[in-house]
Amino acid sequence: MGICYTLRDGKSQGRTELMSIEVTHDPALMPAEPARPVIHPRWVRVTHWVNALTMVVLIASGWQIYNASPLFAFVFPRWVTLGGWLAGALLWHFAAMWLLAVNGLIYVVLGIVTGRFRRKLIPIRPGEVLADARAAFTGKLKYDDLSVYNAVQKLFYLGVIVAGIVVVLSGLAIWKPVQLHELAAAFGGYDTARYVHFFAMAAIVGFLVVHVIMSAIVPTSLRAMITGR
Amino acid sequence: MPRVRRGPPPGVDPELLAKDAAKLMPDPTRRLFLRGGASLGALAFLTGCDIVDGTSAEQALIKISHFNDRAQAWLFNPNKLAPTYPESAVQRPFPFNAYYPEDEAPEVDREDYKLEVGGMVDNTKSWTLDELYALPQETQITRLVCVEGWSAIGKWTGTPLREFLRRIGADTRAKYVWFRCAEGYSTSIDMPTALHPQTQMTFKFDGEILPRKYGFPMKVRMPTKLGFKNPKHVMEIAVTDKYLGGYWEDQGYNWFSGL
Ligand code: HEM
């Protein structure tokens, strides 16, 4: 990659042979002008932000739905909920769910076929996770190469992708416990699937809190998720 | 308005559940049901301002809800049976749930009762309770799932609705079957659900004549739809091509509400 950028910088007319090497590269990775390398291709950025918006809508409306029949001895304060009352919340929830499912599917399929997951998210070694976690808590973790995720990031991202898949599947199970009763049974039945759905949401919210704090601590990573670089 | 409730079923307190109905209803001071105390809540919080105009967001959501009706109709398999359970799974006492407290459940007189039949049918003669009781009956032990999220397993006995529709000569190419109830409640369902083998005109709950609180003298039980689509105290059945919505559906609950 570095070579390509150098060639571009040189603006040499005579090196057409070498320039042709560039053509074989993914055009999305080729900057129009000299710049930092692309860390997040457009499909990652678009699906990421669509997902972030959809998740917030689903979580806030989901909390309102939860309040109609709480699983635990607490309800969510009204001001963090979306929809105003049960019917309104259900309308939001059952609208946003399509967006989450379609967008999530695009992200996961592209993540697998482009090899992004393989390159960026695996392998995750427990020893590295512990070492990186320790470094993070003592402020020694370096975030200078944004194109490489540290072991804690890998674990978090893979974990939230799994939580996203669980939340969608358990949601389907409680939405259609008759048409998809095999799926509901796989989650231990309708009532248990409700708990699974809740805990998957809780995991995503936990991730979100850490994730948003981290992107505030490392603003260059936030810029990269917006502009790609 | 009671907004907090602890401990839904199992072991539900029926009195607490009666109060729940309040939660199903929109804030009486606001007709715009999408606007809660914090307006659009998280969205306003996200953008820092209230950019989404309530009514247009509401219209868009209603459109998506209609799309969801079609998606669910497509997903509905007329041959797929709801899971059934052993006698031991029946929840006793079974939760009472309505938009009115239990002691305000309508009282329908056994002798005066006549089920009215209308719309696209050959025979619009009304049915007395004795005539209805004489129909062939079946028992199902299935799970009732409430739109609020809780569920409970009950035992219902009655006549498959499709058997009744056959006897009244209903045009089963019609789109909807509509139910009117004693307390002014109403709901309507799609024809494929009306013809589903487990959709039942129910006369008994847990082996006893349907008590007043569970919908005396007749309710329509369908384990393939949410609880509010299962009308109690049914006074009239009509077969129609016209979309007539229903009590909760007209207030924003999804019409198909299939399970
Ligand atoms: C709304 C606030 C959010 C912000 C500000 C935010 C910000 C970011 C940033 C800056 C990155 C790049 C981080 C890096 O380089 O390490 C990132 C990546 C990621 N975020 Fe978020 N995010 C948000 C919401 C979410 C939500 C709700 C989810 C999932 C439930 C999520 C899942 C992910 C994943 C899986 C990645 C890695 C993507 C990849 O490399 O393919 N994010 N986010």
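Just above, that's the structure.
Residues numbered from 1 in each chain as written. Chains lettered and ligands numbered in written order. Predicted model: local features only at pLDDT ≥ 70, side-chain atom pairs only at ≥ 80, totals over all residues. Heavy atoms only, no water.

Focus on empty space enclosed by the protein
Residue and element names in this part refer to chain B.
Now for step 1: Following the criterion strictly, the structure yields four cavities of 30 Å³ or more and no others.
Now for step 2: If you trace the largest cavity, you find 24 residues lining it, with Asn 97, Ala 98, Gly 227, Phe 228 and Lys 232 closest to the centre.
Now for step 3: In terms of residue class, the lining of the largest cavity is made up of 18 nonpolar, three polar and three charged. (1 Å grid on protein atoms, 1.4 Å probe; cavity = no way out; pocket = protein on both sides within 12 Å on 5 of 7 lines; lining within 4 Å. Points joined across faces, edges and corners; volume = space filled by probe spheres on them. Nonpolar A, V, L, I, M, F, W, Y, C, P; charged D, E, K, R; others polar.)

With respect to the pairing of strand S7 (residues 200-205) of chain B
All names here are of chain B.
Now for step 1: Of all the six residues making up S7, five are buried; the element is thus mostly covered by neighbouring parts of the structure.
Now for step 2: Where strand S4 (residues 151-160) and S7 come together, five bridges link them in antiparallel fashion. From the neighbouring strand, Trp 156 faces S7, where its bridge partner is Phe 205.
Now for step 3: Sheet topology places S7 next to strand S9 (residues 219-221); three bridges connect them, and they run antiparallel. Residue Thr 202 lies in a different strand from S9, and its bridge partner there is Lys 219.
Now for step 4: Relative to strand S8 (residues 208-209), S7 runs antiparallel, the two sharing two bridges. Its bridge partner lying in S8, Lys 204 is registered against Ile 209. (Buried < 20%, exposed > 50% of the residue type's maximum accessible area, 1.4 Å probe, protein only. Helix = DSSP H or I, 4+ residues; strand = E, 2+ residues; numbered from the N terminus. Pairing = 2+ DSSP bridges.)

Details of the site of the ligand
Residues and elements named next belong to chain A.
Now for step 1: Neighbouring the ligand are 22 residues; His 48, Tyr 107, Tyr 149, Gln 153 and His 211 lie closest to it.
Now for step 2: Between Tyr 107 and the ligand, the recorded distance is 2.6 Å, taken from a side-chain N or O atom to an oxygen atom.
Now for step 3: Interatomic distance of 2.8 Å between a side-chain N/O atom of Arg 116 and an oxygen atom of the ligand.
Now for step 4: Those elements that place two or more of their residues in the shell around the ligand are helix H3 (42-68), helix H7 (151-175), helix H9 (190-217) and helix H10 (219-227).
Now for step 5: Class assignment of the residues belonging to the shell around the ligand gives a composition of 14 nonpolar, seven polar and one charged. (Near = heavy atom within 4 Å. Polar contact = N/O pair within 3.5 Å; in protein donor to acceptor, adjacent residues only side chain to side chain.)

Function cannot be read off these values alone, since they describe shape.
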